[in-house]
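Structure assessment
In case you want the letters, here they are:
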Amino acid sequence: SEEELLEINEYIEEEKETVNRDLFGVAKGKNVILISAESLQNFVIGSTVNGEEITPFLNELIGDSIYFEEFYHQTAQGKTSDSEFIVDNSLYPLARGAVFFTHPSNEYYALPEIMNENGYYTASLHANNGSFWNRNIMYDQFGYDRFYTVEDYEVTEEDSVGWGMKDIPFMEQSVEHLLDMPQPFYTKLITLTNHFPFELDEEDSYIDQFDSNSRTLNRYFPTVRYMDEAIRVFFDELKENGLYEDSMIVIYGDHYGISSNHNKAMSYYLDKEITPFVEAQLQQVPLIIHIPGVEGETLSTVSGQIDLRPTLLHLLGIQVDNQVIFGKDLFSEDRKELVIFRDGTFITEDAIYTSGVCYSKETEEPVDEEEKEALCGPYLEEVQQQLSYSDRIIYGDLLRFDTSREEISDEIRKNENIEIQG
Ligand code: GP9
Ligand code: MN
């Protein structure tokens, strides 16, 4: 009901913090290009396999970008679609099912709509069927102007592997689409090649597979390396076509690629035991924000996908009042560092709490009852509060009561008038 939303708004208002304005608006008016990097986990960044770099281009790019080195995916069963939901709405996904399928007719106030209101053209680009994950329906709801699907790409046999079109031709043809769009634009490019079961043609293998008892992990490295190459090609094409200087490029991993079924092989690769603590850490995905002309810096802020939207709006210098969101602007000064996973696991500056056990980040070991009270105790209630508020918004379709939005208050006013007249 409307009262429920008022209560949630009050909570969000109380949680607000002051914002560091140094970077406010540094990307004002620029095109925004999000690259949703399929199954890209953070452990490959700066690492090697068989002595070779796995992400040479991203490693180099990070030096020139704002890189969040402790950034977590927060997806659940909806996988890529959950990550899209989180990023565009700054709400949590659902515990069961994919919100893209379960609640496509809700009222949303998603990032594309905000960008539209600020003069941006908005599009998502992904060389798969438009109906996959119900995207064609949900994107309309989020306010995307256009969805470039597999129909908008020329996909040949040799340009395909595994799930479909390879990332390099996808990137090349996507730049053609970007060139056709009115500027400034807000766009999302969703890659595909680095998807389980990580199939790759010989000619696209820049590095050798790993050698462990997990075929999945072994194959993961060369497909990540291929995606890294595709992103390099994309940057080259942007530069060649004069789009680079006027764009902010944001690369993030959508969710894990290697599930806990492969913990044994993972343990062999990382050369350490995969405890629940390490497993939570393995949910880190890269967040790389590249703004030409803005100096690179690596930030260790504990952060998650839910924080991306307010952070991007900050960089774009766009202020939106009374947003019903749970993410925090990562440039806030007195921000409480807290990332919440859908299953109730949470990460703070000093601790990881998972399956009822509180681990100290310093020792990587569970702490005793007394320390648990101090380290994890203060967050328990807030974690459940946020998840349940977010659920209530989705299950109750509460954003239809958001009167801070003109179009809705007009709608309500209209209805009231009708009632008064009637
Ligand atoms: C499909 C692609 C992969 O279009 O986004 O989906 P996933 O299986 O990763 O959710
Ligand atoms: Mn995915």
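Residues numbered from 1 in each chain as written. Chains lettered and ligands numbered in written order. Predicted model: local features only at pLDDT ≥ 70, side-chain atom pairs only at ≥ 80, totals over all residues. Heavy atoms only, no water.

With numbering matched to this structure, UniProt assigns "binding site: Mn(2+)" (unreviewed entry) to Glu38, Thr80, Asp254 and His255. A compact arrangement is adopted by the annotated residues: their sequence extent is 218 residues, whereas the largest C-alpha distance between any two is 7.7 Å. If you trace the backbone, Asp254 turns up in the loop between β11 (247-253) and α9 (263-270). Setting aside residues no more than four positions away along its own chain, Asp254 makes contact with Ser36, Ala37, Glu38, Ser39, Leu40, His73, Thr75, Thr80, Ser83 and Gln305. In this structure, His255 sits in the loop between β11 and α9. Overall, the relative accessible area of 2% leaves His255 in the buried class. When near neighbours in sequence (up to four residues on either side) are disregarded, His255 contacts Glu38, Ser39, Leu40, His73, Thr75, Lys79, Thr80 and Val285. Engagement of the side chain of His255 in a polar contact is seen with the side chain of Glu38, the distance being 3.4 Å. (UniProt positions renumbered as here; feature names shortened; annotations may be inferred. Helix = DSSP H or I, 4+ residues; strand = E, 2+ residues; numbered from the N terminus. Contact = heavy atoms within 4.5 Å. Buried < 20%, exposed > 50% of the residue type's maximum accessible area, 1.4 Å probe, protein only. Polar contact = N/O pair within 3.5 Å; in protein donor to acceptor, adjacent residues only side chain to side chain.)

The UniProt entry lists residues 30-318 under the feature "domain: Sulfatase N-terminal" (unreviewed entry), expressed in the numbering used here. Split by type, residues 30-318 is 35% helix and 17% strand. Its first and last C-alpha atoms lie 12 Å apart.

Looking now at helix α1 (residues 2-14). Relative to the 18 Å expected for 13 residues at 1.5 Å per residue, α1 spans 19 Å between its end C-alpha atoms, a close match to the ideal helical length. Along α1, the positions that sit buried rather than exposed are Leu5, Ile8, Tyr11 and Ile12. Projected onto a plane normal to the axis of α1, the buried residues spread over an arc of 120 degrees and lie on a single side. Residues of α1 that are exposed and angled more than 90 degrees away from the buried face: Glu3, Leu6, Glu10 and Glu14. Among the structural elements, α13 (377-395) are those in contact with the buried residues of α1. (Expected span 1.5 Å × (residues − 1). Arc of directions from axis to C-beta.)

A separate point is the state of the cysteines. As used here, a disulfide is simply a covalent bond connecting the sulfur atoms of two cysteines. Following the criterion strictly, the structure yields one disulfide and no others. Disulfide pairing places Cys358 opposite Cys376 at an S-S distance of 2.1 Å. Its S-S torsion of about 80 degrees marks the bond between Cys358 and Cys376 as right-handed, since a negative value means left-handed. You can see Cys358 sitting in strand β18 (residues 357-360) and its partner Cys376 sitting in the loop between α12 (369-375) and α13, a full 18 residues away along the chain. Of the two residues, Cys358 and Cys376, neither departs from the other in class, the shared state being buried. (Disulfide = S-S within 2.5 Å.)

A separate point is the pairing of strand β10 (residues 185-190). Regular strands show a simple pattern: their side chains alternate between the two faces of the sheet. Among the six residues that make up β10, six are buried, leaving the element largely enclosed by the rest of the structure. In β10, alternate side chains face the same way, and those of Phe185, Thr187 and Leu189 on one face and Tyr186, Lys188 and Ile190 on the other are all buried.

Together, Glu349, Asp350, Glu362, Asp368, Glu369, Glu370, Glu371 and Glu373 line one region of the surface with negative charge. You can see Glu349 is positioned in the loop between β16 (346-348) and β17 (351-354). (Patch = residues over 30% accessible without salt bridge, like charges linked within 9 Å, V, L, I, M, F, W, Y side chains within 5 Å. Areas by Shrake-Rupley, 256 points an atom, 1.4 Å probe, with all protein chains shown as cover. Salt bridge = Lys/Arg side-chain N within 4 Å of Asp/Glu carboxyl O. Lys, Arg positive; Asp, Glu negative; His and termini not counted. Charge placed at Lys NZ, Arg CZ, Asp CG, Glu CD.)

On to the site of ligand 1, then. Close to ligand 1 lie Glu38, Lys79, Thr80, His126, Asn128, Phe132, Trp133, Arg135, Trp163, Leu192, His195 and His255. Interatomic distance of 2.7 Å between a side-chain N/O atom of His195 and an oxygen atom of ligand 1. Here ligand 1 loses 96% of its free accessible area of 310 Å² to cover by the protein chains. For the shell around ligand 1, the per-class residue count stands at four nonpolar, five polar and three charged. (Near = heavy atom within 4 Å. Nonpolar A, V, L, I, M, F, W, Y, C, P; charged D, E, K, R; others polar.)

All right, on to the packing of aromatic side chains then. Two aromatic rings, taken as a pair, are described by how far apart their centres are and by the angle between their planes. Tallied over the entire structure, the rule returns 32 aromatic pairs. With a centroid separation of 6.2 Å and an interplanar angle of 55 degrees, the aromatic rings of Phe68 and Phe331 are classed as tilted. In this pair, Phe68 sits in strand β4 (residues 66-68) while Phe331 sits in the loop between α11 (308-316) and β15 (338-340), placing the two residues 263 residues apart along the sequence. Residue class for Phe68 comes out buried when judged on its relative accessible area of 0%. Assessed through its relative accessible area of 9%, Phe331 is described here as buried. (Phe/Tyr/Trp six-rings, centres within 6.5 Å; stacked < 30°, edge-to-face > 60°.)

Moving on, we get to the environment of Arg392. Inspection of the secondary structure assignment puts Arg392 in helix α13. A relative accessible area of 28% means that Arg392 is categorised as partly exposed. Taking the C-alpha atoms as reference, Arg392 lies 9.7 Å from Ser1; in sequence the two are 391 residues apart. With sequence-adjacent residues up to four places away left out, Arg392 is seen in contact with Glu4, Glu7, Asp397 and Leu398. A distance of 2.9 Å separates polar atoms of two side chains, one belonging to Arg392 and the other to Glu4.

With that settled, the discussion passes to the side chain of Ser214. Tracing the backbone shows Ser214 in the loop between β10 and α8 (215-240). Other than its neighbours up to four places away in sequence, Ser214 contacts His262 and Ala265.

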